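Here is what each chain is made of, one letter per residue.
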Amino acid sequence: MIATPDRTPLTREFFDRPVLEVAPDLLGRVLVRTTPDGPIELRLTEVEAYDGENDPGSHAYRGRTARNEVMYGPPGHVYVYFTYGMWHCMNLVCGPEGRASAVLLRAGEVIVGAELARKRRVSARNDKELAKGPARLTMALGVDRALDGADACAAPDSPFATLTGTPVAPDQVRSGPRTGVAGDGGIHPWRYWIGNDPTVSPYRAHTPRRRRT
DNA sequence: ACACGGATTTTCT
DNA sequence: GAAAATCCGTGTC
């Protein structure tokens, strides 16, 4: 059973902390995506931290570019990028300011608006797969680059908001190497998920792809 | 349940 | 020109 989420939006101060502190604290929180057809709400079950210019896995590793601009901006905003020629992934920017750190939203449980999410996730075999993976998550929520830079500390009826929700108990938080990250080498255990949750995506190591002929 | 390869185009080197 | 914070269908165990 899902407890009724606390409807209070997360504050700028919540995100204005080191990303390794914010990331596990996001588990169990609720996202609200308001669309013309109605709201979709997602309870976060899996996230990953990316920590600025000193993190080889981060988009900010080689400094500021047009794409990662939002990562350098104020905390509490949404960073959306396009990848593999087909997919979008979304992050929440964290403090401290100028650090270019963010949390990738990897998976969650749809608790409101599953019928809307199913229309965008035709290949999902069941509702547990609606947002089981970072690109599936953005598909389920109808998020693309139009939301890049959007405020995540807004009211629940804005296009996108993060709600306080019910934070998961600390003893349910698991952590391990990030998924599919080149050069990470499994050194940073910066992937966080809720133990035994059926909506968490499977771990995959980074696999370099064969050169096109 | 798990492994493999193709898809597709933006972004940066 | 090469790689990319992935997904999906297909094949095997």
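Residues numbered from 1 in each chain as written. Chains lettered and ligands numbered in written order. Predicted model: local features only at pLDDT ≥ 70, side-chain atom pairs only at ≥ 80, totals over all residues. Heavy atoms only, no water.

Chain A is annotated in an unreviewed UniProt entry as Putative 3-methyladenine DNA glycosylase of Streptomyces bluensis. Its UniProt record gives chain A the following Sequence similarities (unreviewed entry) comment, quoted word for word: "Belongs to the DNA glycosylase MPG family." (UniProt positions renumbered as here; feature names shortened; annotations may be inferred.)

Novice: Hey, could you run me through the overall build of chain A in this one?
Specialist: The secondary structure content of chain A amounts to four helices and eight strands. If you list the helices and strands of chain A from N to C, you get α-α-β-β-β-β-β-α-α-β-β-β. For 213 residues, the compact-globule estimate of 2.2 N^0.38 gives 17 Å, and chain A sits close to it at 16 Å. Per-residue burial for chain A yields a buried fraction of 52% across its 213 residues. (Helix = DSSP H or I, 4+ residues; strand = E, 2+ residues; numbered from the N terminus. Rg over C-alpha atoms; globule rule 2.2 N^0.38 Å. Buried < 20%, exposed > 50% of the residue type's maximum accessible area, 1.4 Å probe, protein only.)

Novice: Would you mind showing me how to read the packing of aromatic side chains here?
Specialist: For any pair of aromatic rings, geometry is given as the distance between the ring centres together with the angle between the planes. On inspection of all chains with the given rule, the structure shows two aromatic pairs. Arranged with centres 5.1 Å apart and planes meeting at 80°, the rings of Phe14 and Phe15 form a pair that is edge-to-face. You can call Phe15 buried: its relative accessible area is 0%. Summarising the aromatic geometry, the rings of Tyr79 and Tyr81 are spaced 5.7 Å apart at their centres and angled 35° between planes, so their arrangement reads as tilted. There is no split in this pair, since Tyr79 and Tyr81 are both buried. Its guanidinium or amino end placed over the ring of Phe14, Arg17 lies 4.7 Å from that ring's centre, counting from NZ or CZ. Here Arg191 stacks its cationic end above the ring of Trp193, 4.6 Å away from the centre of that ring. (Phe/Tyr/Trp six-rings, centres within 6.5 Å; stacked < 30°, edge-to-face > 60°. Lys NZ or Arg CZ within 6 Å of the ring centre and 35° of its normal.)

Novice: Is there a simple way to think about the environment of Leu92 in this case?
Specialist: Within the fold, Leu92 resides in strand 4 (residues 87–94). Residue Leu92 is classed as buried on the basis of its relative accessible area of 0%. Each C-alpha atom of the pair Leu92 and Thr164 lies 14 Å from the other, and the pair is 72 residues apart in sequence. In this view, Leu92 contacts Phe15, Leu26, His77, Val78, Ala102, Val103, Leu105, Ala152, Phe160 and Thr162; residues no more than four positions away in its chain are not counted. (Contact = heavy atoms within 4.5 Å.)

Novice: Could you clarify how one ought to interpret the nonpolar core in this entry?
Specialist: Note that soluble globular proteins tend to have their nonpolar side chains buried in a common cluster. Phe15, Leu26, Met90 and Leu105 are the most contacted members of the largest nonpolar core, which totals 40 residues. Sequence-distant contacts of Leu105, that is, excluding residues within four places in its chain, are made with Leu31, Leu44, Glu46, Val47, Met90, Leu92, Pro134 and Leu137. (Core = buried A, V, L, I, M, F, W, Y, C linked by side-chain atoms within 4.5 Å.)

Novice: So what exactly am I meant to see when it comes to the protein's contact with DNA strand C here?
Specialist: The environment of DNA strand C is made up of 21 residues, and the closest members are His59, Tyr81, Asn91, Ser123 and Arg209. Counting only atoms of DNA strand C within 4 Å of the protein, the sugar-phosphate share comes to 49%. Residue contributions to the surface near DNA strand C peak at three residues, all from helix 4 (residues 134–141). (Near = heavy atom within 4 Å.)

Novice: Would you take a moment to explain a nonpolar patch on the surface for this structure?
Specialist: Side chains of Tyr84, Met86 and Trp87 sit close together on the surface and give an oily, nonpolar patch of about 360 Å² of accessible area. Summarising the element assignment, Trp87 is placed in strand 4. (Patch = residues over 30% accessible without salt bridge, like charges linked within 9 Å, V, L, I, M, F, W, Y side chains within 5 Å. Areas by Shrake-Rupley, 256 points an atom, 1.4 Å probe, with all protein chains shown as cover. Salt bridge = Lys/Arg side-chain N within 4 Å of Asp/Glu carboxyl O.)

Novice: Please explain the pattern of salt bridges as it appears in this structure.
Specialist: Oppositely charged side chains can pair when the atoms bearing their charge come close. For the coordinates displayed, the defined rule picks out 15 salt bridges. Linking Arg29 and Asp25 is a salt bridge whose minimum nitrogen-to-oxygen distance equals 2.8 Å. Relative accessible area serves as the criterion here: at 7%, Arg29 is assigned to the buried category. Taking the relative accessible area as the measure of exposure, Asp25 reaches 23% and is therefore partly exposed. The shortest N-O distance in the salt bridge between Glu69 and Arg64 comes to 3.0 Å. Connected through salt bridges with shared partners, the residues Arg17, Glu21, Asp25 and Arg29 form a single ionic network.

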